[in-house]
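Survey of secondary and tertiary structure
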Amino acid sequence: ARHNVDDLIEERTAFFDELIREAWHACIPEQAGKDLALFAVGGYGRGEQFPQSDVDLLILARKPTTWRDEVRSFLHLLYDLNLDIGHSVRRLADCKAEAHKDITVATATYERRFLAGSEKLSARLDRIMASKRLWPSDRFFKAKRDEQEARHAQYDNVEYGLEPNLKSSPGGLRDLQTAMWIFQRHFGTDDPKDLERMGALTTQERVWLEDGRRFLWWVRYGLHLLAGRKEDRLQFEYQRSLAERLGFADTDARRGVERFMSLYYEHVLALREVNDIVLQYFDESILRQREKPVIEPINERFQIRNNYIEVVDDEVLARTPSALLEIFVIMANRRDISGVRAGTIRAIREHLDLIDDDFRQDPTNTRLFMDLL
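To keep things clear, this report deals only with the structure shown in the data block. As the structure is a prediction and not an experimental result, all values here were calculated from the model.

Some points on the pattern of salt bridges
This structure, assessed with the given rule, holds 37 salt bridges. Note that Arg 112 is salt-bridged to Asp 126, the shortest N-O span being 2.8 Å. In this pair, Arg 112 sits in the loop between α5 (103-110) and β4 (113-117) while Asp 126 sits in helix α6 (residues 119-130), placing the two residues 14 residues apart along the sequence. The class of Arg 112 is buried, set by a relative accessible area of 17%. A salt bridge links Arg 197 to Asp 194; the shortest N-O distance between them is 2.2 Å.

Here it is, written out as structure tokens:
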């Protein structure tokens, strides 16, 4: 009923926090408080608990064998409550070693939230994970970027599949999380308003990010309720029912499910653009800050900088509107261009109003359009 999904997620996470703390205090004696600490990790650590999400827990122990029976009783109680628990029991040294060798483990541990147990033990883990030597931000960025490229390849780099995955498809929640993880690791913040202040995002891009995240949360929450299981793929069998539940009614002009899926594609296309811009910003402003750029001129309008195409100056598109089409023809004819520079993406967006009837009837633009086809 269009209830604020942020509130739904926050309330659901708070409910599980309280439930798990009660189970912990029921099973773990007070004297164990110095030797054990309990954390929410992964999506649960981010405070993003959906109806069918796993409850991922990390139990930090000075000596795991000392309180083995009590920890086992705690976990059995959670299983008896029918919770889908994912858990690990580790020493501090284990946390460091596992995080060092596995970027997925490191990411989940970075997102931990303290729930119960020893605050001193928690503080020691904080110091270990805060170390700049454990996944320096440049290595972390490259690992997460490689991870994202491999995931996109599984979906043929297409964000508009007919049965998209809300989490893993290009433009989905994982792309959003990847961008935020990278900034959190380097700058210590993933607040979109902070990214806007530092120039990584424009106001429009921040709004796209916030609105897109909220929309995908809303749809994922509804999909979990509808499927009755952990389901992130927006299959045909769910699309119509979900559209109806989310309030997309049929009209004489258009079916509700079509309006719903169109809105989904609008959001994921915008989120993918924001993800591209954020990763470029980090690559150019942080990693390549001291590098001398490799620039290859193409013509009087375009050049390639570090494998990304860009306009040679801010007035190119206003001066030569046909460049709005030409850039795509150039990219279609060259395999060595990795993408479009963030500043040029923004310039194209700002000059879309130049595409009017006169633009469409211009013979130059007709030729460029046919070349592109």
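Overview of the sheet that holds strand β7 (residues 308-311)
The strand order across the open sheet built from 4 strands is β5-β6-β7-β8, with neighbouring strands paired in mixed fashion. The open sheet terminates on both sides in strands that have one partner only, identified here as β5 (295-297) and β8 (339-340).

Considering the side chain of Arg 301
Along the chain, Arg 301 turns up in the loop between β5 and β6 (302-305). With relative accessibility at 18%, the residue Arg 301 sits in the buried group. Within the structure, the side chain of Arg 301 is placed 2.5 Å from the side chain of Glu 326, a separation counted as a polar contact. With residues up to four places along the chain from it excluded, the contact list for Arg 301 reads Glu 310, Val 311, Val 312, Val 316, Thr 320, Ala 323 and Glu 326.

Notes on the packing of aromatic side chains
One pair of aromatic rings is described through two measures. These are the centre distance and the angle between the planes. Per the stated rule, a full pass over the model turns up 15 aromatic pairs. Between Tyr 110 and Phe 140, the ring centres sit 5.9 Å apart and the planes meet at 80°, which makes this aromatic pair edge-to-face. In this pair, Tyr 110 is assigned in helix α5 and Phe 140 in helix α7 (residues 137-154), connecting sequence segments 30 residues apart. Each ring, one from Trp 218 and one from Phe 248, has its centre 6.2 Å from the other, and the planes form 45°; the classification is tilted. With Trp 218 in helix α10 (residues 203-227) and Phe 248 in the loop between α11 (236-245) and α12 (256-287), the pair connects residues that are 30 residues apart, well separated along the chain. The pair Trp 218 / Phe 248 is uniform in exposure class, with both members buried. Within the aromatic cluster, the residues linked to one another by ring pairs are Phe 141, Phe 183, Phe 187, Tyr 281 and Phe 282. It is Arg 213 that lies over the ring of Trp 217; its NZ or CZ is 4.2 Å from the centre.

Comments concerning the packing of helix α8 (residues 173-187) against α10
Closest axis-to-axis distance for the α8/α10 pair is 10 Å, and the angle between their directions is 135°. As the angle between them shows, α8 and α10 are arranged oblique. Seen from above, α8 lies across α10 with left-handed handedness. When α8 is examined against α10, the residues Leu 173, Leu 176 and Met 180 are found in contact with a partner set consisting of Leu 209, Arg 213, Leu 216, Trp 217 and Arg 220.

What counts as what
- Residues numbered from 1 in each chain as written.
- Predicted model: local features only at pLDDT ≥ 70, side-chain atom pairs only at ≥ 80, totals over all residues.
- Heavy atoms only, no water.
- Salt bridge = Lys/Arg side-chain N within 4 Å of Asp/Glu carboxyl O.
- Helix = DSSP H or I, 4+ residues; strand = E, 2+ residues; numbered from the N terminus.
- Buried < 20%, exposed > 50% of the residue type's maximum accessible area, 1.4 Å probe, protein only.
- Pairing = 2+ DSSP bridges.
- Polar contact = N/O pair within 3.5 Å; in protein donor to acceptor, adjacent residues only side chain to side chain.
- Contact = heavy atoms within 4.5 Å.
- Phe/Tyr/Trp six-rings, centres within 6.5 Å; stacked < 30°, edge-to-face > 60°.
- Lys NZ or Arg CZ within 6 Å of the ring centre and 35° of its normal.
- Axes fitted to C-alpha atoms, helices over the stretch in contact; angles between N-to-C directions.
- Parallel < 35°, antiparallel > 145°, perpendicular 65-115°, else oblique.
- Left-handed = near helix turned anticlockwise from the far one by under 90°.

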